[in-house]
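Working through the structure, step by step
Residues per chain, in single letters:
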Amino acid sequence: QVQLVESGGGLVQPGESLRLSCAASGTIVSANIMAWYRQAPGKERVLVAYLTSIDTTNYADSVKGRFTISRDNAKNTVYLQMNTLKPEDTAVYYCTTQKAGVRYWGQGTQVTVSS
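The present account deals with the structure reproduced in this document. The structure presented is a predicted model; accordingly, all values stated were derived computationally and were not measured. (Residues numbered from 1 in each chain as written. Predicted model: local features only at pLDDT ≥ 70, side-chain atom pairs only at ≥ 80, totals over all residues. Heavy atoms only, no water.)

With respect to unusual backbone geometry
Glycine aside, negative phi is the norm for most residues, and most peptide bonds take the trans geometry. We count it as follows: For helices the rule is a DSSP run of H or I covering at least 4 residues; for strands it is a run of E covering at least 2, with both sets numbered from the N terminus onward.
One non-glycine residue with positive phi stands out, namely Asp 55, at about 70 degrees. Summarising the element assignment, Asp 55 is placed in the loop between β5 (45–51) and β6 (57–59). Positive phi is not limited to glycine here, since Asn 76 has a value of about 50 degrees. By the secondary structure assignment, Asn 76 is in the loop between β7 (67–72) and β8 (77–82).

Quick look at the structure:
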């Protein structure tokens, strides 16, 4: 069983920054692909960024150059640094990974970008 707990969401103004954290159980962070998805109201859940065990990263076009995914293996935690936030970044952000063929999701953290 894998547990993922996100934190760090909140209400910010356009142009500001937030850092999301995803604390994982066990050592899954260092050995598996870790990803962030987001789901805006009335829309499908979409991939934001992922990070592989060999530090390969990939980002959605909409966040390239503004968001950075990283991890701290010692803390079993994955981060999403979000800079220059825009109102269209408003969504619930989810951390996810897959182990032994099972997809695991955190509970999500709300990010609201509004003036």
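Structural notes on the nonpolar core
This is how it is decided: Buried residues of nine kinds, namely Ala, Val, Leu, Ile, Met, Phe, Trp, Tyr and Cys, make up a nonpolar core once their side-chain atoms join them within 4.5 Å. Summary of the burial criterion: residues with accessible area below 20% of their type's maximum are buried, those above 50% are exposed, and those between are partly exposed, where the area comes from a 1.4 Å probe applied to protein chains only. Here, two residues are considered to be in contact whenever any of their heavy atoms come within 4.5 Å of each other.
Ranked by size, the top nonpolar core spans 28 residues in total, and within it Trp 36, Leu 80, Met 82 and Tyr 93 carry the most contacts. Residue assignment for this core shows that the elements contributing at least two residues are β3 (18–24), α1 (28–31), β4 (34–39), β5, β7, β8, β9 (91–99) and β11 (109–113). Of the residues forming this core, the biggest block, 4 residues, is contributed by β3. Ignoring anything within four residues of it in the chain, the contact list for Tyr 93 reads Glu 6, Leu 20, Trp 36, Tyr 37, Arg 38, Val 48, Phe 67, Leu 80, Met 82, Gly 108, Thr 109 and Val 111.

Re the environment of Leu 11
Here Leu 11 lies in strand β2 (residues 10–12). Taking the C-alpha atoms as reference points, Leu 11 and Ala 49, 38 residues apart in sequence, are found 21 Å from one another. For Leu 11, the contacting residues outside a window of four places in its chain are Thr 112 and Ser 114.

A word on the sheet that holds β8
Definition in use: In this description, strands pair whenever DSSP reports at least two bridges between them. For helices, the fitted line uses only the C-alpha atoms of the stretch in contact; every axis is such a line through C-alpha atoms, and the angle between N-to-C directions lies from 0 to 180 degrees.
Taken in spatial order, the 4 strands line up as β1-β3-β8-β7 in an open sheet, and their pairing is antiparallel. Looking along the sheet, the strands with just one partner apiece sit at the ends: β1 (4–7) and β7. Taken over all neighbouring pairs, the strand axes of this sheet differ in orientation by 15 degrees on average, direction set aside. Judged from the 6 bridges that link them, β3 and β8 form a sheet pairing that is antiparallel. From the neighbouring strand, Leu 18 faces β8, where its bridge partner is Met 82.

Let's talk about the state of the cysteines
Note: disulfide means a covalent bond formed between the sulfur atoms of two cysteine side chains. Spelled out, the test is: Only a pair of cysteine sulfur atoms within 2.5 Å counts as a disulfide in this structure description.
For the structure shown, the criterion picks out 1 disulfide. Paired by a disulfide, Cys 22 and Cys 95 hold their sulfur atoms 2.1 Å apart. Its torsion about the S-S bond being -75 degrees, the disulfide of Cys 22 and Cys 95 is classed as left-handed. Of this pair, Cys 22 sits in strand β3 while Cys 95 sits in strand β9, placing them 73 residues apart in sequence. Pair check on accessibility: Cys 22 and Cys 95 agree, each one buried.

Notes on the pattern of salt bridges
Heads up, the condition is: Between Lys or Arg on one side and Asp or Glu on the other, a salt bridge is scored when a side-chain nitrogen of the former is within 4 Å of a carboxyl oxygen of the latter.
Counting across every chain of the model gives 4 salt bridges. A salt bridge links Asp 55 to Arg 71; the nearest nitrogen and oxygen atoms lie 2.7 Å apart. Of this pair, Asp 55 sits in the loop between β5 and β6 while Arg 71 sits in strand β7, and the two are 16 residues apart along the sequence. Note that Asp 89 and Arg 66 form a salt bridge whose closest N and O atoms lie 2.8 Å from each other. Placement of Asp 89 in the loop between β8 and β9 and of Arg 66 in the loop between β6 and β7 is noted, with a sequence separation of 23 residues between them. Comparing Asp 89 with Arg 66, the two get one shared label, buried. Several salt bridges share partner residues, and in doing so they unite Arg 38, Arg 66 and Asp 89 into one network.

Limitation: the analysis is restricted to geometry and does not speak to function.
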